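Okay, here's what each chain looks like letter by letter:
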Amino acid sequence: MNASDDAAGSPIDLSSYGLSSDVDDLPDEIDELRLEIDRLDAIILGAIKRRTAISKKVGRTRMASGGPRLVHSREMKVLQRFSELGQEGHTLAMMLLRLGRGPLGR
Ligand SMILES: C=C(O[C@@H]1C=C(C(=O)O)C=C[C@H]1O)C(=O)O
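The rules we used
Residues numbered from 1 in each chain as written. Predicted model: local features only at pLDDT ≥ 70, side-chain atom pairs only at ≥ 80, totals over all residues. Heavy atoms only, no water. Helix = DSSP H or I, 4+ residues; strand = E, 2+ residues; numbered from the N terminus. Buried < 20%, exposed > 50% of the residue type's maximum accessible area, 1.4 Å probe, protein only. Contact = heavy atoms within 4.5 Å. Patch = residues over 30% accessible without salt bridge, like charges linked within 9 Å, V, L, I, M, F, W, Y side chains within 5 Å. Areas by Shrake-Rupley, 256 points an atom, 1.4 Å probe, with all protein chains shown as cover. Salt bridge = Lys/Arg side-chain N within 4 Å of Asp/Glu carboxyl O. Lys, Arg positive; Asp, Glu negative; His and termini not counted. Charge placed at Lys NZ, Arg CZ, Asp CG, Glu CD.

- The protein chain appears in an unreviewed UniProt entry as Chorismate mutase from Williamsia herbipolensis.

## Comments concerning the side chain of Glu75
- Tracing the backbone through its elements, the reader meets Glu75 in helix α3 (residues 72-81).
- Overall, Glu75 belongs to the buried group, its relative accessible area being 12%.
- Those residues within four positions of Glu75 in sequence are excluded, and the remaining contacts are Leu70, Leu97 and Arg101.

## Description of a negative patch on the surface
- Together, Asp28, Glu29, Asp31 and Glu32 line one region of the surface with negative charge.
- Structurally, Glu32 is set in helix α2 (residues 30-64).

Structure representation (structure tokens):
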């Protein structure tokens, strides 16, 4: 197992973000639940922006040494990773990959 397999295999520790790990323990309070959704959305958005920037940097770095911009085998791993979410997970992974590509040909 290499470093990236390891990182994708361990779920992020949400308790360090002030988020309860067990949803069943949360009160049936819509305002409170929405606060957690808002916090999660901020984390997800920040993570997507960072992922996009890093993906673009990998592409630039590889192309600078004459390599390809895209690597099919690696993209298949990303799609596989999100497959636990079913068809929507596949769509989500495709959107993440597209964000990292940016406009092709640049
Ligand atoms: C980031 C990389 O470059 C490209 C972008 C990928 C991604 O956003 O996950 C995956 C494969 C490559 O097409 C990489 O090779 O890891």
